[in-house]
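Reading the structure
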Amino acid sequence: MAVSFTITYKDESTGARLGLLYTPHGTVETPVFMPVGTQATVKTMTPEEVRDIGGRMILSNTYHLYLRPGHELIREAGGLHRFMHWDGPILTDSGGFQVFSLGPLRKVSEEGVAFRSHIDGSEHFFSPEKAMEVQMALGSDIAMAFDECAPYPCSREYALAATERTTRWARRCRTAHDREDQGLFGIVQGGTFKDLRERSARELVELDFPGYAIGGLSVGEPKQLMYEVLDYTVPLLPEEKPRYLMGVGSPDCLVEGVLRGIDMFDCVLPTRIARNGTALTRQGRLVVRNAEYARDFSPLEPDCDCYACRNYTRAYIRHLIKANEILGIRLTTIHNLYFIMKLMEEIRAAVRQGRMLQFRDDFLRKYQGD
Ligand SMILES: CC(C)(C)OC(=O)NCc1c[nH]c2nc(N)[nH]c(=O)c12
């Protein structure tokens, strides 16, 4: 088995659990947050810096790496781990979501998706088989099935068609995928329709994947609706296999997701908002580029012990951001990723000590933001 999972602790009062995810490039404690490295880099961070802030497993994107620099080039480089100098586990998303978020630039058929590159407008075609070929060339530890992520909101008809196609494509991925040292996860779709989520989960569980993602959430629906979908979808998945909530999420969603039995998360939030000078703190977001911080000589977050908070002030980081100095983005990125990794560490400790509900209440009382 390329990828396997062991539950090490189950919270009896919530769906939360602790686990160990075994991959060819190492073992990861779950619940785990994966920093996003879309184009084979966690933006502005060296792999050593990602590890220093607590990153152990990262996500990269099939769609982007296929378009540039190309999966064949990365295969020639010895695979994605060697190409980007990251020796920990890597999960690659299949591109399913990316080609659907290209909007008018794409045309869907049963065979796959024809789309134009967002880089140079060139025409391309992605099928489940192509998505497998690319991910096998990249050599990630976990590959994702090629799915159709329905937008929100969408009609039941649209969600039904997308969910049925997602299952047919999942079968084709299962057939096409034959790299022994790479796990393939199925992706449950179904929009916000309970019966479609049940059907998608049942059909994918029959295909016996080593892990299951819940896709099509955090696509603009209210958070309460996302939690409701999780409440009835997570129990449909095999308890002994990892559950990955794609594209999630903000600190409050991470806490709520763990409570509902999610083991893996990824989100661009901490790295993306860093690039426009917004820092995550326990009280919510702090827009350090705002004038109010011009003479604030305290750290981004007073009791944070990340490299940025130990050595720099809000005033200095604000100055760098305003002056378009690259170090400004690097420091906010270091802090934001550290904040999320520290939160995951505290969540795992709270689960272990059976006080996850108290942790949720305490954290959300202070955290005014998303
Ligand atoms: C809008 C954001 C990206 C925050 O969330 C989602 O879209 N959430 C859904 C999502 C994220 N990544 C995926 N990959 C794949 N294959 N399929 C998906 O449904 C998704």
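Note that residues are indexed from 1 along each chain, following the sequence as it is written. Confidence filtering applies because this is a predicted model: local features only for residues at pLDDT of at least 70, side-chain atom pairs given and counted only at 80 or more, and all residues used for totals across whole chains, interfaces and linings. With hydrogens and water excluded, all non-hydrogen atoms of the structure serve as input to the side-chain values.

Under UniProt, the name given to the protein is Queuine tRNA-ribosyltransferase, and the source organism is Pelotomaculum thermopropionicum. UniProt positions are given in the numbering used here, feature names are shortened, and annotations may be inferred rather than shown by experiment. Check the Sequence similarities section of the UniProt entry for the protein; it says "Belongs to the queuine tRNA-ribosyltransferase family."

**A short note on the domain arrangement of the protein**
Where each domain begins and ends follows an automated or database-derived domain assignment. By domain assignment, the protein separates into domain 1 (4-266) and domain 2 (279-357). Each of domain 1 and domain 2 was reduced to a C-alpha centroid, and the two centroids are 27 Å apart. We call two residues in contact when some of their heavy atoms are within 4.5 Å. Facing 27 residues of domain 1, the contacting portion of domain 2 comprises 19 residues. Throughout, buried area stands for the accessible area (probe radius 1.4 Å) lost by two parts on being put together, summed over both. Carbon and sulfur atoms make up 79% of the surface buried where domain 1 meets domain 2, a total of about 2,100 Å² over both sides. Salt bridges are defined as contacts in which a side-chain nitrogen from Lys or Arg sits within 4 Å of a carboxyl oxygen from Asp or Glu. Counting every contact that joins domain 1 to domain 2 gives one salt bridge.

**Here we look at the layout of surface pockets**
For cavity detection a 1 Å grid was placed over the protein atoms alone, and a set of points counts as a cavity when a 1.4 Å probe fits there but cannot get out; an open set counts as a pocket when protein lies on both sides within 12 Å along at least five of seven lines, with lining residues being those that have an atom within 4 Å of a point. Grid points are joined across faces, edges and corners, and a volume is the space filled by probe spheres set on the points. The calculated volume of the largest pocket comes to roughly 930 Å³. As for the largest pocket, its lining consists of 39 residues, of which Phe97, Gly247, Asp266, Cys267 and Val268 are closest to the centre. Of all elements in the fold, only β5 (58-61), α5 (96-100), α9 (223-233) and α11 (269-274) reach the threshold of two or more residues within the lining of the largest pocket. The biggest single contributor to the lining of the largest pocket is α11, with three residues. Only Asp, Glu, Lys and Arg are considered charged, only Ala, Val, Leu, Ile, Met, Phe, Trp, Tyr, Cys and Pro nonpolar, and every remaining residue, Gly among them, polar. Here the lining of the largest pocket is composed, by residue class, of 15 nonpolar, 14 polar and 10 charged. Taken as a whole, the second largest pocket holds about 260 Å³ of empty space. A breakdown of the residues in the lining of the second largest pocket according to their chemical character gives six nonpolar, three polar and six charged. Runs of E in the DSSP output that reach at least two residues are strands. Runs of H or I that reach at least four are helices, and both are numbered from the N terminus.

**Observations concerning the UniProt feature "binding site: Zn(2+)" in the protein**
UniProt feature "binding site: Zn(2+)": in the numbering of this structure it lies at Cys304, Cys306, Cys309 and His335. Sequence-wise these annotated residues cover 32 residues; spatially they are packed, their C-alpha atoms never more than 8.4 Å apart. Structurally, cysteine 304 can be placed in the loop between β16 (284-287) and α12 (307-311). Only protein chains enter the calculation, and the probe is 1.4 Å; a residue is then buried if its accessible area is under 20% of its type maximum, exposed if over 50%, and partly exposed in between. On the basis of relative accessibility, which here comes to 12%, the residue cysteine 304 falls in the buried class. Sequence-distant contacts of cysteine 304, that is, excluding residues within four places in its chain, are made with Cys309, His335 and Tyr338. As for its position among the elements, histidine 335 is in helix α14 (residues 326-352).

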